[in-house]
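Read off the chains here:
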Amino acid sequence: WDVIYKGKRYPQKAVMGLAADRVSERPLGPSDFTAGQCRRYLTKLGFPPMPKVDEAAEREEEEDAAEAEIRQRTDIRPTVKEQLVNARRGQGVFKSNLQNIEKRCRVTGLKDTAHLRASHIKPWCKSTNEERLDGNNGLMLSPHVDHLFDSGFISFTDSGDLLVADILKSRVLTTWGISLPLNVGRFRPEQAKYLDYHRRVVFLALLSQIRA
């Protein structure tokens, strides 16, 4: 994520670290705060970071590295490795576990699973092996809704209210037939812990706007 100032891009964590250096007793480094915290504070100050052009490529590289680590492990059975790798793609055991909980896209109402994606709430690359297969860590979403959710443009409260990031242009929702306000139904307590992570780390919004 970059801060755009006078047409130029600056890494968000570098901007936050330099700003904090002026008011703190010691310089702050990248490990002192998460990317999500950085986005929220900079947005609150009027400098909302924007995704890097290659944001998707960065996520893909991170997931590739996590998959390679799984395949190299010797302490888990080959069948378990395949289950974990398939879960990255929304398939296999993870999808079966998820379909026992979620029967449709929460936003569009579509029930035909051939046209839905099994999406992790807490990103696969950030999850433990147990979380990667946990059906509670997922939603069945229409492809365009999956894009918005996975990229952090939308999220949900535990009670089911749709949260929309300020940087998402309203015409996107209008064009896709998503009307606001929208409540998609209360989530299970087991899903709530994953939604909390999504709101805190993935969702692109000010902390004051997050009401779980």
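Numbering of residues starts from 1 in each chain and follows the order in which that chain's sequence is written. Where local features are concerned, this predicted model is filtered to residues with pLDDT of at least 70; where side-chain atom pairs are given and counted, the filter is 80 or more; whole-chain, interface and lining totals use all residues. Remark: hydrogens and water are excluded; side-chain values derive from all non-hydrogen atoms of the structure.

Enquirer: Where do I start with the overall build of the protein in this structure?
Expert: Only DSSP runs of H or I with at least four residues qualify as helices, and only runs of E with at least two residues qualify as strands; both kinds are numbered from the N terminus onward. A tally of regular secondary structure across the protein gives 9 helices and 6 strands. Per-residue burial for the protein yields a buried fraction of 41% across its 212 residues. Considering only contacts within the protein whose residues lie at least 6 apart along the sequence, 63% involve residues at least 24 apart. What sets the accessible areas is the Shrake-Rupley method with a 1.4 Å probe; for residues, cover comes only from the shown protein chains. Surface accessibility of the protein: about 12000 Å² in total, with carbon and sulfur atoms responsible for 52%. Burial here depends on accessible area, computed with a 1.4 Å probe over protein chains only, as a share of the maximum for the residue type. Under 20% is buried, over 50% is exposed, and the range in between is partly exposed. Note on definitions: a residue-residue contact is assigned when non-hydrogen atoms from the two residues lie within 4.5 Å.

Enquirer: Is there a simple way to think about a nonpolar patch on the surface in this case?
Expert: To count toward a patch, a residue needs a relative accessible area above 30% and no salt bridge. Like charges then connect within 9 Å, nonpolar side chains (Val, Leu, Ile, Met, Phe, Trp, Tyr) within 5 Å. For this analysis, a salt bridge means a side-chain nitrogen from Lys or Arg found within 4 Å of a carboxyl oxygen belonging to Asp or Glu. Judged by side-chain polarity, Tyr5, Tyr10, Leu45 and Phe47 come together as a nonpolar surface patch covering roughly 420 Å² of accessible area. Secondary-structure assignment places Tyr10 in strand β2 (residues 8-11).

Enquirer: So what exactly am I meant to see when it comes to the nonpolar core here?
Expert: Considering soluble globular proteins, one finds that nonpolar side chains tend to be buried as a cluster. Counting residues in each nonpolar core, the largest one holds 38 residues, and the members touching the most others are Val107, Leu139, Leu148, Phe149, Ile154 and Phe156. Listed by contribution, the elements that provide at least two residues to this core are α3 (55-72), α4 (78-88), α5 (92-99), β4 (138-141), α7 (143-150), β5 (154-156), β6 (162-164) and α9 (189-202). We call a set of buried residues a nonpolar core when its members are Ala, Val, Leu, Ile, Met, Phe, Trp, Tyr or Cys and they connect through side-chain atoms within 4.5 Å of each other.

Enquirer: Is there a simple way to think about the packing of helix α1 (residues 12-21) against helix α2 (residues 35-44) in this case?
Expert: To describe two helices that pack against each other, one gives the angle between their axes and the distance between the axes. Look at α1 against α2: their axes get within 10 Å of each other, and the N-to-C directions meet at 70 degrees. For the element pair α1 / α2, the angle class is roughly perpendicular. As α1 packs across α2, the resulting crossing turns out to be left-handed. Two secondary-structure elements touch here, α1 through Gln12, Lys13, Val15 and Met16 and α2 through Ala35, Cys38, Arg39, Tyr41 and Leu42. Simply put, an axis is a line fit to the C-alpha atoms, just over the touching stretch for a helix, and the angle between two N-to-C directions goes from 0 to 180 degrees. Orientation categories follow fixed angle ranges, with anything under 35 degrees roughly parallel, anything over 145 roughly antiparallel, 65 to 115 roughly perpendicular, and all other angles oblique. With the far helix as reference, a near helix turned anticlockwise by less than a right angle produces a left-handed crossing, and one turned clockwise produces a right-handed crossing.

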